[in-house]
Each structure stands twice: as C-alpha cells, then as structure tokens.
Amino acid sequence: MPWRVREVDWTDQKAKRAVIWLSETLDTPISRLEASDYYQNQLHSLVHRYDDVNDLAWEVFEDLRQRITYRENLLSDERVFIFSPHPDDDVISMGACSTSSCPTATTSPSRT
C-alpha cells in the first residue's frame, strides 16, 4: 500500500494491485467500486489518471477475466504436475479440478 505513505508513479500493474486491494479491503466487487471508495483510501492520484473510475474497474476486471482458463481450453492428453505448498492444498483446492479435467489422473504424493 505505498499510496498510503507517498505519491505513486502508477503503472498498469500497480493500478491493478491497488484496485484488487481496494476491492478486498472493502469486500466490494471491483465493478461496484465508486470514486468515493478510492478517495477514502488515499487513491486520489490513481483516480485522476482515468476519465472515469468505471474505466479503471473495467480494465482490471477484464485483465483478471482473461486469465481464467475455461474447461474447453484445458490441457488434454498432457502430463500435468500440480505443486501444493501445504499437504492438503492439492486435495482441498485442486482435487475436484484435477480429477474432472484429467479423469485418468493418478496422484503420487511427494514430501520433501
């Protein structure tokens, strides 16, 4: 949150991080953020980069949406190796996804 302590030279990446942070902090969808939300959280200079905060929100939302891989675009007939930082992440978070996209998947737990 460097914008809370100093002026920021806004890049697209920094703007995206700020919008996501604001959305999470306020527990508000990106598309519902208003100019007053930005102002109340010291994001004045970011707001002034755009003609309309809705343009900023749309830009960030579209960037995030384009990163989603839909089922028809998933790998098929390829080997996939899934890393999980915690022992239960692969089961809780990725279990259903990995088995639905790779019905013949086998698991080989590796603990280092």
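Residues numbered from 1 in each chain as written. Predicted model: local features only at pLDDT ≥ 70, side-chain atom pairs only at ≥ 80, totals over all residues. Heavy atoms only, no water.

(A) Just the pattern of salt bridges, in detail. One pass over the full model with this rule turns up four salt bridges. A salt bridge links Asp12 to Arg49; the nearest nitrogen and oxygen atoms lie 3.9 Å apart. Of the two residues, Asp12 sits in helix H1 (residues 12-26) while Arg49 sits in the loop between helix H3 (44-47) and helix H4 (53-65), which places them 37 residues apart along the sequence. Taking relative accessible area as the criterion, Asp12 reaches 52% and is therefore assigned exposed. Note that Arg67 is salt-bridged to Asp63, the shortest N-O span being 3.1 Å. (Salt bridge = Lys/Arg side-chain N within 4 Å of Asp/Glu carboxyl O. Helix = DSSP H or I, 4+ residues; strand = E, 2+ residues; numbered from the N terminus. Buried < 20%, exposed > 50% of the residue type's maximum accessible area, 1.4 Å probe, protein only.)

(B) Fine view of H1. The first and last C-alpha atoms of H1 sit 21 Å apart over 15 residues, in line with the 21 Å expected at 1.5 Å per residue. The set of residues buried in H1 consists of Ala15, Lys16, Ala18, Val19, Trp21, Leu22 and Ser23. On its buried face, H1 sits against helix H2 (35-40), H3 and H4. Downstream of H1 by one or two residues, Asp27 has phi in the positive range, about 55°. (Expected span 1.5 Å × (residues − 1). Contact = heavy atoms within 4.5 Å.)

(C) The arrangement of unusual backbone geometry in detail. The phi torsion at Asp27 lies on the positive side, around 55°, for a residue other than glycine. Of note, Asp27 is situated in the loop between H1 and H2. Asp27 gets classed as exposed once you look at its relative accessible area, which sits at 71%. Of note in this structure, Gln42 is not a glycine but carries a positive phi near 60°. Structurally, the position occupied by Gln42 is in the loop between H2 and H3. Overall, Gln42 belongs to the partly exposed group, its relative accessible area being 33%.

(D) Structural context of the packing of H1 against H4. One can describe the packing of H1 onto H4 by two numbers: an axis separation of 10 Å at closest approach and a directional angle of 95°. Here H4 runs roughly perpendicular to H1, going by the angle between their axes. The residues of H4 that touch H1, namely those facing Asp12, Ala15, Lys16, Val19 and Ile20, are Leu56, Glu59, Val60, Asp63 and Leu64. Residues that form the contact of H1 with H4 fall into these classes: six nonpolar, no polar and four charged. (Axes fitted to C-alpha atoms, helices over the stretch in contact; angles between N-to-C directions. Parallel < 35°, antiparallel > 145°, perpendicular 65-115°, else oblique. Nonpolar A, V, L, I, M, F, W, Y, C, P; charged D, E, K, R; others polar.)

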